[in-house]
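Fold and geometry: a report
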Amino acid sequence: ETNIMVSIATPLILDKLFLAFFILYVTSWNNFIIPMITLTRKDRFTLPVMISSLADPLRYDVGATFLALLFSIIPVVVLFIIIRNRVFGEVV
């Protein structure tokens, strides 16, 4: 019975677990409110908080903001590609 469960149910559930992990990862990656309230030192800011702190109305640097946005998107895109290939197979 256990062997049947492992050989049949695990491959069916594994893809959904990868997808749930990705959604949880993106949700925690975009967490903004709690770090904004609790962090006081600038060297400990998370990426979303750091990006929002770049939007100073007196001296707004568009290049630095877009570079920070690029760096914050890269890990999510790489993880999405890995999980997409695992869940859906090779998509051409």
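Refer to the structure above for everything that follows.
First things first, this report covers the structure right here in the doc. Each chain carries its own residue numbering, running from 1 in the written order of its sequence. The model is predicted, so local features are restricted to residues of pLDDT at least 70 and side-chain atom pairs to those at 80 or more, both for listing and for counting; the totals for chains, interfaces and linings are taken over all residues. The side-chain quantities take in all heavy atoms of the structure and omit both hydrogens and water.

Observations concerning the nonpolar core
For clarity, the threshold we go by: The nonpolar core is taken to be a set of buried Ala, Val, Leu, Ile, Met, Phe, Trp, Tyr and Cys residues, with the residues joined through side-chain atoms within 4.5 Å. Each residue is assigned to one of three classes by its accessible area relative to the maximum for its type, calculated with a 1.4 Å probe on protein chains only: buried under 20%, partly exposed between the two thresholds, exposed over 50%. In this description a helix means any DSSP run of H or I spanning at least four residues, a strand means any run of E spanning at least two, and both kinds are numbered starting from the N terminus. Here, residues are in contact when the closest pair of their heavy atoms is within 4.5 Å.
In this structure, Phe22, Val76, Leu79, Ile83 and Val87 together form the largest nonpolar core, which totals five residues. A total of four residues in this core trace back to one element, the largest contributor, which is helix H4 (residues 62-88). Not counting the four nearest positions on each side in its chain, leucine 79 is found in contact with Phe21, Phe22 and Tyr25.

Some words on helix H1 (residues 2-29)
To keep things clear, this is the line we draw: Bend, in this description, refers to the angle at a residue between axes fitted to the seven residues ending there and the seven starting there.
For H1, the principal kink sits at threonine 10 and spans about 45°; a proline, proline 11, occurs within the next four residues. Where H1 is concerned, the buried positions are Ala9, Asp15 and Phe22. Where the residues of H1 are buried, they touch H4.

Focus on the pattern of salt bridges
To keep it simple, the criterion reads: Any carboxyl oxygen of Asp or Glu within 4 Å of a side-chain nitrogen of Lys or Arg constitutes a salt bridge here.
One pass over the full model with this rule turns up one salt bridge. A salt bridge links arginine 41 to aspartate 43; its shortest N-O distance comes to 2.8 Å. With relative accessibility at 56%, the residue aspartate 43 sits in the exposed group.

Some points on the packing of aromatic side chains
The geometry of an aromatic ring pair is captured by the separation of the ring centres together with the interplanar angle, meaning the angle of the planes. Our working rule: Any two rings among Phe, Tyr and Trp, with Trp reduced to its six-membered ring, count as a pair given centres within 6.5 Å; such a pair is stacked if its planes are under 30 degrees apart, edge-to-face if over 60, and tilted if neither.
Evaluation of the coordinates by the stated rule reveals two aromatic pairs. On the basis of an interplanar angle of 50° and a centroid distance of 5.6 Å, the ring pair of phenylalanine 22 and phenylalanine 80 is categorised as tilted. Linking phenylalanine 22 in helix H1 with phenylalanine 80 in helix H4, this pair joins segments that are 58 residues apart in sequence. Taking relative accessible area as the criterion, phenylalanine 22 reaches 13% and is therefore assigned buried. Overall, the relative accessible area of 41% leaves phenylalanine 80 in the partly exposed class.

So, the packing of H1 against H4
Inclusion rule: To obtain each axis, a line is fitted to C-alpha atoms, and for helices this fit is confined to the stretch in contact; angles are then taken between N-to-C directions over 0 to 180 degrees. Orientation categories follow fixed angle ranges, with anything under 35 degrees roughly parallel, anything over 145 roughly antiparallel, 65 to 115 roughly perpendicular, and all other angles oblique.
Two elements in contact, H1 and H4, have axes separated by 10 Å at closest approach and are oriented at 170°. Relative to H4, H1 is oriented roughly antiparallel. Listed contacts from H4 to Leu14, Asp15, Phe18, Leu19, Phe21, Phe22, Tyr25, Val26 and Trp29 of H1 are Ser72, Pro75, Val76, Leu79, Phe80, Ile83, Arg86 and Val87.

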